[in-house]
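The lines below spell out each chain.
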Amino acid sequence: MKLSFLIYLNLFLSIFLISCEKENINEEATAANVTELNYTARNSSFCKFNLNGVQANARIGLTCVIDLNGDNLKLPPNVELRYSGGSITNGTLTLDGGIIDSRLMNKNLTIKGDFMLRDNKFILHPSQWDFVEGRVSQASAKTNKETLQDLIDDAKSYGATRFEIDSFDAYFEIGDPTGRVVPENAAIKLPSNFTLKMTNNTHLRVQPNNYKKHTLLSITGGNDNVVIEGGNLYGDRDEHDYSSGGTHEWGHILQVKGTSNSTIKGVTFRNATGDGLNISGIYHYFDQRHIASQQILVKNNKFYNCRRINMSITSGNHITVENNTFVDGGIDTDKSKGAAPRCNFNIESFRRWENGVVGSTLKEYEKVSHVYVRNNTQKGRGRFLTHHGDGPIIYEGNNMESAISFQYANGVEIKNNTFKGSQASTANGNAITAGVANTTEHPLVFGNKVYGNQISGYMTGINVGGHDVKIYNNVISASNGMVIGDGRGDGLIKAVINNNTINADKYGIRARKLLKDVTIKDNIVNANSLPLYLVDINKNAGQENAKLIVTNNTLRGKLSNTTYPSKKSKIGNSNGIDFKLNKVNGGIEVVGSRNLLINTNTFSSQNMHGVRFLTTTTINSRITDNKFNLSSNFECIKKDVTLNSSVVMSNNSCN
């Protein structure tokens, strides 16, 4: 009887192992179908056999549940256990150099010995672990977080390089109520050389809290070569408790802090209390312990409605941000107000001049450089902003409904982007803000360029101020084409604005304040109101020698049917302007200015005077060598005010 049972058992195992070999062949043949392979339906039926007689080097595919009945089952060397819908439970499994599919693992199985995970990956089946999905208590959300972190850490210790999650919707209690643990260390942390792969069915959510700082996920501590792919990640902005006061602007979804060669791709970020994604470093930049975030790729992600910024970079280098979609960063919702600076994308390294004196010793707490923002789509509100940064910082090929701006930065290039203004942008907004007027002498603002952009549907196409910028080859259709030197501060120094085509409903180019070593040349400006409006230029003490050159431009009305109508331009209360070699379809009015040169221009019009002096006398100026083609009803040079003897007129041709 005993002998016959052993013969029967050997025959059964032989047949079973042969069938497993056949299953293995079929499984490898369908390996390309990842979803089918990874998420085979689970079978809850108990097996009618056990693994006590398994031989060394066997490969076994389990289609049912093996109950170890609390025992410790020790398998012979090099056994491979594969998942075909089954599991092993209620005991301890000890392997000797074997391989196990992670889908066989669960909360009721302890695994010991020397083993590897099949394909070096862990595939999460949430039902096998201590997760509670959906709305939960804080205690359950804390268990969810601890369980997921333990599984990630265990998977890494088993040699896994990939952690996969499919259908899963859960809240996670993250952050530290005491505030003693920094947010990135209280988050769900990912180890080095590791991929977290999620799907559209994966939803990881921040448990609503009152923490001023928190993070759902983090890559930190010098953990390099990390990939996060796919999935949906949610902050708690509309369920957050703000009652403790303060901005609560540091509640992030993902922090990348002190890592190299890492990738974030195909992830959807929504409703962070602070930022959807923040990239920064560990320790201050000036600290010898500083660990930079570098060689970071952010690609094919979607960002929605994060309360402060959809994505920010506060410290790091060699970061590429491409083919992402950014929507409504920093907007207000019905339940929470946005937080400054209300952006879709922001570069904002923190640095400080000694004793607050610009140009003294610079202390860089953070540093950003070598950032490439290209081929992204931005919708709704929320600009792309470089507040502080060092070049190269490149914005290229982006499709925008809001703005791209820079302030205290160098080496910024805004090139070949397409701007189509939204309703909000049309009402009150710039497509591009190239510097700010209070940085004319700032030593960190230089070498910036704006070129090749297509702009339509904004209140202002380009607003430019500050220091050392080139703006060229842009095509602008806006209410106001270009505004120069506006805003708080002195104006603009050392700039060339050339070869732009402007179609404006109001002003073509409007400028004011200090314009020193600024050249506006070779532009085509078509405007319904004033093609060129230069008022209050270089008028203040100390600006006597400042020079603005306006040369070789075409100034005319905006195309109507098949003609460009005549329109007047204006120079008022200004100093140090050379206006020469321009083709003016219309005229120019001059009010109370000094040190003007109006030379070698061509004025053509049937309905207005050529150069007209109004209201207040102009002094120390020359109007020479101009050609006027006007209707006989109008004067080439019209004087509505007595001119000072220092105004010289010569060699003008009047037809």
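Residues numbered from 1 in each chain as written. Predicted model: local features only at pLDDT ≥ 70, side-chain atom pairs only at ≥ 80, totals over all residues. Heavy atoms only, no water.

Once that is clear, we can look at the overall build of the protein chain. The helix and strand inventory of the protein chain stands at five helices and 57 strands. Expected size for 655 residues packed as a compact globule is a radius of gyration near 26 Å; at 34 Å, the protein chain overshoots this value by more than 25%. With the C-alpha coordinates of the protein chain rotated into their principal frame, the extents come out at 130 × 55 × 40 Å. Looking at the protein chain residue by residue over its 655 residues, the buried ones come to 55%. The long-range fraction of contacts in the protein chain, counting pairs at least 24 apart against all pairs at least 6 apart in sequence, stands at 61%. (Helix = DSSP H or I, 4+ residues; strand = E, 2+ residues; numbered from the N terminus. Rg over C-alpha atoms; globule rule 2.2 N^0.38 Å. Buried < 20%, exposed > 50% of the residue type's maximum accessible area, 1.4 Å probe, protein only. Contact = heavy atoms within 4.5 Å.)

Applying the stated criterion across every chain yields a total of 19 aromatic pairs. With a centroid separation of 5.3 Å and an interplanar angle of 75 degrees, the aromatic rings of Phe286 and Tyr365 are classed as edge-to-face. Here Tyr365 lies in the loop between strand S28 (362-364) and strand S29 (368-374) and Phe286 lies in the loop between strand S20 (275-280) and strand S21 (294-299), a separation of 79 residues in the sequence. Residue classification places Tyr365 among the buried residues on the basis of a relative accessible area of 17%. With a centroid separation of 5.0 Å and 10 degrees between ring planes, the pair formed by Phe603 and Phe628 is classed as stacked. Highlighted residues: Phe603 in strand S51 (residues 602-605) and Phe628 in strand S54 (residues 627-630), separated in sequence by 25 residues. Assigned by exposure class, Phe603 and Phe628 land together as buried. Over the face of the ring belonging to Phe286 we find Lys363, whose NZ or CZ atom lies 4.7 Å from the ring centre. Sitting over the ring of Tyr564, Arg556 keeps its end group 3.5 Å from the ring centre. (Phe/Tyr/Trp six-rings, centres within 6.5 Å; stacked < 30°, edge-to-face > 60°. Lys NZ or Arg CZ within 6 Å of the ring centre and 35° of its normal.)

Another point: the environment of Gly246. Looking at the element boundaries, Gly246 is found in the loop between strand S16 (232-234) and strand S17 (250-257). When the C-alpha positions of Gly246 and Lys212 are compared, they lie 7.8 Å apart, and in sequence the two are 34 residues distant.

Take the state of the cysteines next. The full count for this structure, using the stated rule, is two disulfides. Note that Cys47 is cross-linked by a disulfide to Cys64, the S-S spacing being 1.9 Å. Judged by the sign of its S-S torsion, about 105 degrees, the bond between Cys47 and Cys64 is right-handed. With Cys47 in the loop between helix H2 (34-38) and strand S1 (59-62) and Cys64 in the loop between S1 and strand S2 (65-67), the pair connects residues that are 17 residues apart, well separated along the chain. Side by side, Cys47 and Cys64 carry an identical accessibility label, which is buried. Disulfide pairing places Cys636 opposite Cys654 at an S-S distance of 1.6 Å. Since a negative S-S torsion denotes a left-handed disulfide, the Cys636-Cys654 link at about 80 degrees is right-handed. Placement of Cys636 in the loop between S54 and strand S55 (637-639) and of Cys654 in strand S57 (residues 653-654) is noted, with a sequence separation of 18 residues between them. (Disulfide = S-S within 2.5 Å.)

Right, let's talk about the side chain of His609 for a bit. Mapped onto the secondary structure, His609 falls in the loop between S51 and strand S52 (611-614). Polar side-chain contacts of His609 include one of 2.9 Å to the backbone nitrogen of Glu635. (Polar contact = N/O pair within 3.5 Å; in protein donor to acceptor, adjacent residues only side chain to side chain.)

This part is about the layout of surface pockets. There is about 790 Å³ of room inside the largest pocket. As for the largest pocket, its lining consists of 31 residues, of which Pro183, Lys213, Trp250, Gln255 and Lys257 are closest to the centre. Of all the secondary-structure elements, those providing two or more residues to the lining of the largest pocket are helix H4 (183-186), S17 and S20. The leading source of residues in the lining of the largest pocket is S17, at four residues. The residue makeup of the lining of the largest pocket, split by class, is 10 nonpolar, 12 polar and nine charged. Of the voids in this model, the second largest pocket is the one considered here, and its volume is about 330 Å³. (1 Å grid on protein atoms, 1.4 Å probe; cavity = no way out; pocket = protein on both sides within 12 Å on 5 of 7 lines; lining within 4 Å. Points joined across faces, edges and corners; volume = space filled by probe spheres on them. Nonpolar A, V, L, I, M, F, W, Y, C, P; charged D, E, K, R; others polar.)

Once that is clear, we can look at the pattern of salt bridges. For the structure on display, the rule yields 32 salt bridges. Of the charged contacts in the structure, one is a salt bridge between Arg308 and Glu249, with a shortest N-O distance of 3.7 Å. Within this pair, whereas Arg308 is found in the loop between strand S22 (302-304) and strand S23 (309-313), its partner Glu249 is found in the loop between S16 and S17, the two being separated by 59 residues in sequence. With relative accessibility at 2%, the residue Arg308 sits in the buried group. (Salt bridge = Lys/Arg side-chain N within 4 Å of Asp/Glu carboxyl O.)

Take Ser218: it is sitting in strand S14 (residues 213-220). With a relative accessible area of 0%, Ser218 lands in the buried category. Each residue touching Ser218, except ones within four places of it in the same chain, is listed here: Glu184, Ala187, Ile188, Lys189, Leu190, Leu254 and Gln255. Polar contacts involving the side chain of Ser218 include one to the main-chain carbonyl oxygen of Glu184, which spans 2.7 Å.

Position of Phe326 among the secondary structure elements: in strand S25 (residues 325-327). Sequence separation between Phe326 and Lys197 is 129 residues; the distance between their C-alpha atoms is 22 Å. Not counting residues within four places of it along the chain, the set of residues in contact with Phe326 comprises Phe303, Asn310, Met311, Val321, Asn344, Asn376, Thr377, Gln378, Lys379 and Phe384.

Counting 136 residues, the largest nonpolar core has Leu51 and Phe163 as its most contacted members. Ignoring anything within four residues of it in the chain, the contact list for Leu51 reads Ile60, Leu62, Ile66, Leu73, Leu75, Leu81 and Ile88. (Core = buried A, V, L, I, M, F, W, Y, C linked by side-chain atoms within 4.5 Å.)

What follows covers the confidence of the model for the protein chain. Summing up the model confidence of the protein chain, the mean pLDDT is 92 and the portion of residues at 70 or higher is 93%. Every residue in residues 1-38 is under pLDDT 50, and counting partners more than four places away or in other chains gives 30 contacts. (pLDDT = per-residue confidence, 0-100.)

Where burial is concerned, the two faces of strand S8 (residues 121-124) agree: the one with Lys121 and Ile123 and the one with Phe122 and Leu124 are both buried. Alignment of S8 against strand S9 (residues 162-165), held across four bridges, turns out to be parallel. Bridging from a neighbouring strand, Phe122 pairs with Phe163 of S9. (Pairing = 2+ DSSP bridges.)

As a further point, take unusual backbone geometry. Note on backbone geometry: most residues besides glycine have negative phi, and most peptide bonds are trans. With omega at 10 degrees, the peptide bond leading from Ala340 into Pro341 counts as cis. Mapped onto the elements, Pro341 comes out in the loop between S25 and strand S26 (343-348). Of note, the amide linkage connecting Gly391 to Pro392 takes the cis form, showing an omega dihedral of 0 degrees. In this structure, Pro392 sits in strand S31 (residues 383-396). The backbone of Asn78 shows a phi angle near 60 degrees, a positive value even though the residue is not glycine. Of note in this structure, Asn375 is not a glycine but carries a positive phi near 60 degrees. Tracing the backbone shows Asn375 in the loop between S29 and strand S30 (377-379). The exposure class of Asn375 is partly exposed, given its relative accessible area of 42%.

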